[in-house]
Structure formats: structure tokens, C-alpha cells
Amino acid sequence: MIASVYIQPLNLFWQGMHSPNMFLFRYSFLYSTLILVLAGFGLEKFEKQDINLLGNLALGLIGVFVLAAVLSNKKKYGYITQESLILTLVLLVIYLLLLLLKEKVPRNSWLVPFLFMLFISGELFFNTQQMMAGIDKEWGYTSRKQYTKAYMRVAPLVQEIQSKDKGFYRLEI
């Protein structure tokens, strides 16, 4: 999959054998799916003695995120905002603490899945909001008025036809 980003024939294969006009690399959701599946398998195999390894991995990820944010070209990677970086780091720590809570305090382990869902839902909401705001900034969403304005001009004609014919039909401007 990673090679598909760099090797043009593989990229074209994923795109249905033609170059797309927009939404390049639209198969990239497969990376996220693969990571989620691997994370699920890892969570199934997770045992109490793996908690130190998990903590070290989380600290390593925090270091990688901070290093990437500090060393990245701000003009090229402007979507890595301070707000999103801090939220990512905080959520990484929260997820680690939730796993620790599950392993260290077994009597509260029933609460952990609910807390995970709560924080994951919050993260999804934040990322969706950020993505929608980015698309609106770059491309711009059409306002609802643009659709209703044309209807207001046609509405009297539609009402006139509906008063004459109650059947099923299709109109054209």
C-alpha cells in the first residue's frame, strides 16, 4: 500500500486505472483500516506483563509526534496545528491511563470500554470538525440560500401546475 503512493502504475490500479481529477489517493482509508485491525489484534493479545512495553511505546510516540511537529515545514504541513498536536498527545496519555486502569484496578474494568468510547467519540468529533473546516476553507461549501433562491422563483409555477394536475410528473425549468 505504501508503494502505491510512489509507484504510478500501482496508484492507477487503486484509482480504477485512470487518473482522478480530485481526491487523489482515495484508497488511503485502507491505511487507517489496516492500523485499526492491527490494533484490535494487539488489544486481544494484550496481557498484564505488556503494560511496561505499552508505556514505553506511548512515550516513544509522544516523542515522535513532538519531533515531527518541531521539525516539519510549517508551510507544507500547516494542518499540524498546536491545538491538534496537544489534543493528540493528551488523548494518547488518556488511552494509556485507561489501559493501565483496566489492568491495575480490575474491579473498574467494566467502566473502561465506556470511557474509551467516550474519548474516541470526542476525538472523532474533533477530527471531523477540523476536516470540515479545512474543506470549507479550501473549497468552500455552498450556502443553503443558493439552493432555495432558485426554488422561490419556480415555486409559484409549481403550485399552479399542482392545482391543475394532481398526478405524478416531473418538471423542468
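Residues numbered from 1 in each chain as written. Predicted model: local features only at pLDDT ≥ 70, side-chain atom pairs only at ≥ 80, totals over all residues. Heavy atoms only, no water.

Asker: Outline the pattern of salt bridges, supporting the account with residue identities and numerical values.
Answerer: Going through the model one piece at a time under the given rule, you end up with 1 salt bridge. When the shortest N-O distance is used, the salt bridge between Lys164 and Glu160 registers 3.3 Å. One end of the pair, Lys164, and the other, Glu160, are both in helix α7 (residues 144-164), 4 residues apart, so they sit about a helical turn from each other. Overall, Lys164 belongs to the exposed group, its relative accessible area being 65%. Exposure remark for Glu160: the relative accessible area of 40% places this residue in the partly exposed category. (Salt bridge = Lys/Arg side-chain N within 4 Å of Asp/Glu carboxyl O. Helix = DSSP H or I, 4+ residues; strand = E, 2+ residues; numbered from the N terminus. Buried < 20%, exposed > 50% of the residue type's maximum accessible area, 1.4 Å probe, protein only.)

Asker: Break down the packing of aromatic side chains for me, with residues and values.
Answerer: Here the distance between the centres and the angle between the planes together describe a pair of aromatic rings. Applying the stated criterion across every chain, the model contains 2 aromatic pairs. Taking 6.2 Å as the distance between ring centres and 75° as the angle between the ring planes, the aromatic pair formed by Phe13 and Trp14 counts as edge-to-face. Considering the side-chain rings of Tyr95 and Phe116, the 5.8 Å spacing of their centres and the 20° angle between planes classify their relative orientation as stacked. One end of the pair, Tyr95, is in helix α5 (residues 82-104); the other, Phe116, is in helix α6 (residues 112-138), with 21 residues separating them in the sequence. For the residue pair Tyr95 and Phe116, the accessibility class agrees, reading buried in each case. (Phe/Tyr/Trp six-rings, centres within 6.5 Å; stacked < 30°, edge-to-face > 60°.)

Asker: Break down the side chain of Gln15 for me, with residues and values.
Answerer: Along the chain, Gln15 falls in the loop between α2 (8-14) and α3 (29-45). Those residues in contact with Gln15 that sit more than four places away from it in its chain are Pro20, Leu24, Phe25, Arg26 and Tyr27. (Contact = heavy atoms within 4.5 Å.)

Asker: Talk me through the environment of Thr142; I want residue IDs and the actual numbers.
Answerer: Mapped onto the elements of the fold, Thr142 is located in the loop between α6 and α7. Spatially, the C-alpha atoms of Thr142 and Leu157 are 25 Å apart, while their sequence positions differ by 15 residues.

So far we have only geometry, and geometry alone does not tell us how the molecule works.
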